[in-house]
Structures are given as structure tokens and as C-alpha cells.
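# Structural characterization, general
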Amino acid sequence: MRYEKEYTTILNEELKKAMGCTEPIAISYLSCIAKDLLGQMPDKVEIFVSGNILKNVKSVVVPNTGGLRGIKAAIAIGMIGGEAKSQLECLCKVTEESRKKCIEFLQTANIQIHASESEFIFDIHIFMFSKQDVVEARIVDHHTNLVLLRKNQDYRIKRQLNNVKKISDLTNHKILDVKDIIYYAKTIDILHVQNILDEQINCNMKIAEEGMNHSYGANIGSTLLKTSPNDIAVKAKAYAAAASDARMNGCELPVVINSGSGNQGITCSVPVIVYARELKCTQEKLYRALLLSNLFTIHIKTGIGRLSAFCGAVAAGCAAGAAIAYLYDASDEDIAHTLVNSLAIVSGMICDGAKASCAAKIASSVDAGILGYQLCKEGNVFHSGDGIVTASVEDTIRNIGAIASLGMKETDKEIIHLMLQS
């Protein structure tokens, strides 16, 4: 097929391990890089972050801090206990001594936080000062995309940012297409992708089990499962929610992310794994279903953008519903119709930052995905002209992207304004 190599590359780029919510982790990662270049703990730190970074860091627990939240905690633990070479797992080797030093440092630290006026939705720009030196470092567009790094006038990295479309080093996602994704998922030699899918299965189910068996956040998963413990749809929603609850509230287990988000990685994988196991599907069929779900999520998210006022779990939940349709041997047409049905149901959910209620939004999005398939199975589909639904699945996906990236710009600003007042 066309783009087979590129689709495999996209999967390898997007399905990465991360520990903790990826926005504070990106701050920790950048802080670690900057402090290492400075060569000592700074006397002062200034950080400029775009609105969506503020939104996604404000309320979530930073791993390995003993329950601390927010930008200052992410900076401090990154400098004191981070390991830059581990990127989004940079906090995985934090010691108890580093945790104590982090708490002590924050009591007297001079850390100034500023809202950036950057044109980039994803922008983290940090300055660290000592008596002799200044280090500047910046990440733009996605979580590890380092575009600037200097110590005084010695530039280690300096990339031009005059064209938003050219700052990312990722493969062009606009080549993704529902028809091609289905063909790729059904025909690719699984050996080419097995390792990343095995890692996704192992990591994301492990944190789901952790969330089900212990108390995190609002305990959405265990609460759901108590209502209907033998219902496969409820179990799928519950385990996905439990994984998010654990992740948003300080669990130090890594997840395999999708489109820069652990919650999206969880949402597009855990329900599919639960269904495949309950239906006793072969391992190969599970792999191929996960390929569908992951690539559909990336495809939908491409138009939405990395960060938005549009909840990313919607894309992943709808993608999971389409993959579940595949597990039930649905036709290619019905898989596509499941995506359309699902997006029509739950396309208005806002993102108001990373926090405990993300787990409930995940449950709702997975529910929409499952309902989208159930409707399709009974011959019921939404038709062109039903709201944002159009004649093709690709046009419907484009409409979702337009709503999220263009229509919800002012919504995003108001959400950030309200969150900063609380």
C-alpha cells in the first residue's frame, strides 16, 4: 500500500512511553536540560508558557514529588532529580533524597511564571540564571521538540520559528486516511509493529489495574464497575477511567501515549484490550485492532492539534469504538460509520485541563464509541446534514478539526481565564 513505511514511522513517533501527565513532564524535561547546561542550581528561574500549558499543568500531580502540583513543582523536580536522556520518562529515577530536596528548594526558590504571548499553542520557554551565566531553552509544538538551547551566547540549538508548519520534526500526519488506515491495519506484517503494541498493552493495562485496585482521584473506574460488574462495555469504560485516575493523581507507572497524551493513549487502547480479552480474540486480531484505534486517534487529532479546547479523549474514545467494531468483524464501511456516529454523539466536550475529572470524560468518550458501533450494527447511522456530519468520514473528521482548531479558539481563551481565577 502507499505510505506503509510512513504509517509505521508515525506509530513509532507517537506511541512513546511517558510517566505522568505529559505537559508537566515536558516542563521537567526542559528544566533538566537547562539546569544540566547551566552546571549548577540556578539563583532564579523564569518560565514563559502558552495558555494550554498553564491549563494542563495547574491541577495535576507531578510524579515523584510526594503529591505536589503545578509548574513550580515540575521545574524543581526536573532540575533536582530529572534525567534528560529519558525524555518523557525523565522523572522515573527520582530518589527519596531528591524528593526531599525538591520540597526544600521550593520553600525559598525564586521561580517566576509568565503567560506567554507566543503564537504557538504548545510553547515552554525557560530562563535559568546564576551569578555568572544564563541558560535559555525552549520547546515548541510537541513535548520533546527542542528548538532553542543556549548558554550565554553559545547556542547549542537554534531553529528558525518563522513557519509554524515547519518547526516539527514529525512525519506529516496529513497523509493519514481512514480507508488506508483500515487496509494498513489488516495487512501490515505484525512483526514490524509488535514491540510498540506489546509495550502499549503491558504498560496501559498495568496502570489500569493499579487504578482499579487502589484509590486515586474520584475512583471513577471502580465506581463504574460496581454498577454492572459483568457488562463488557462497562468494564471497558471502567478500566480506561481507572488508568486515567491513577495517572492524573500521582501514580508513577508509565503509559504509552498517543498524540502526545497519556490519556489518549489509554483511551484508544485499554477498552480495545478489554473487549479483545472478553471476546477471546487472537493476539493478532488485538494487534490489528490497536493499529486501527491508534491511527484513527492520530488522524482525528491531526486536525484538532496537540492542545485545544476540544477534549482529546473524544478522538481516542471514538477510535476505540471503531476498533471494537473490527473485533466484532464489522465491514470496513461499518468501521468508518462507527467513527462518524461516535463523533456526532460526543463532539462538543471541552478540555479544561488535566485533572481527576479526565477519567469521567474518558468513560463518556468510550461510551460514545461503543454506542456508535451499536447503532451501526443495527443499521442506524447519522447522515450528511445531521449537524456536523457530512457525506464522508474524511469530511466529518475535517469538520471536527475545524471546530476544535478554529471554532473553539475563543472557548479555549475563556476556559484558561476561568481556570486562572480559581
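Below you will find a few notes about this structure.

Scoring rules and cut-offs
Residues numbered from 1 in each chain as written. Predicted model: local features only at pLDDT ≥ 70, side-chain atom pairs only at ≥ 80, totals over all residues. Heavy atoms only, no water. Pairing = 2+ DSSP bridges. Helix = DSSP H or I, 4+ residues; strand = E, 2+ residues; numbered from the N terminus. Phe/Tyr/Trp six-rings, centres within 6.5 Å; stacked < 30°, edge-to-face > 60°. Lys NZ or Arg CZ within 6 Å of the ring centre and 35° of its normal. Axes fitted to C-alpha atoms, helices over the stretch in contact; angles between N-to-C directions. Parallel < 35°, antiparallel > 145°, perpendicular 65-115°, else oblique. Left-handed = near helix turned anticlockwise from the far one by under 90°. Contact = heavy atoms within 4.5 Å. Nonpolar A, V, L, I, M, F, W, Y, C, P; charged D, E, K, R; others polar. 1 Å grid on protein atoms, 1.4 Å probe; cavity = no way out; pocket = protein on both sides within 12 Å on 5 of 7 lines; lining within 4 Å. Points joined across faces, edges and corners; volume = space filled by probe spheres on them.

Let us look at the pairing of strand 7 (residues 154–158). Direction of pairing for strand 6 (residues 146–151) relative to strand 7: antiparallel, over a ladder of four bridges. Across the sheet, the residue bridging to leucine 149 is isoleucine 157, located in strand 7.

The next point concerns the packing of aromatic side chains. Under the definition given, this model contains five aromatic pairs. Taking 6.5 Å as the distance between ring centres and 15 degrees as the angle between the ring planes, the aromatic pair formed by phenylalanine 127 and phenylalanine 129 counts as stacked. Over the aromatic face of tyrosine 155 sits the side chain of lysine 158, whose NZ or CZ is 4.6 Å from the ring centroid. Cation over ring: lysine 377 sits above tyrosine 328, and NZ or CZ is 5.8 Å from the ring centre.

A word on the packing of helix 9 (residues 232–248) against helix 14 (residues 358–377). Orientation of helix 9 relative to helix 14, taken along the N-to-C sense of each, is 155 degrees, at an axis distance of 8 Å. Overall, the two elements helix 9 and helix 14 adopt an arrangement that is roughly antiparallel. Both helix 9 and helix 14 take part in a crossing whose hand is right-handed. Contacts between helix 9 and helix 14 involve Ala233, Lys237, Ala240, Ala241, Ser244, Asp245 and Met248 from the former and Cys358, Ala359, Ile362, Ala363, Val366, Asp367 and Ile370 from the latter. A breakdown of the residues in the contact of helix 9 with helix 14 according to their chemical character gives 10 nonpolar, one polar and three charged.

Per the counting criterion, the structure on display carries one cavity of 30 Å³ or more. Roughly 320 Å³ of internal volume is contained in the largest cavity. Asn56, Ser261, Gln264, Gly312 and Cys351 are the residues nearest the centre of the largest cavity, which is lined by 27 residues in total. Secondary-structure elements contributing two or more residues to the lining of the largest cavity are helix 2 (22–38), helix 10 (262–278), helix 12 (312–327) and helix 14. Its residues assigned to classes, the lining of the largest cavity shows nine nonpolar, 11 polar and seven charged.

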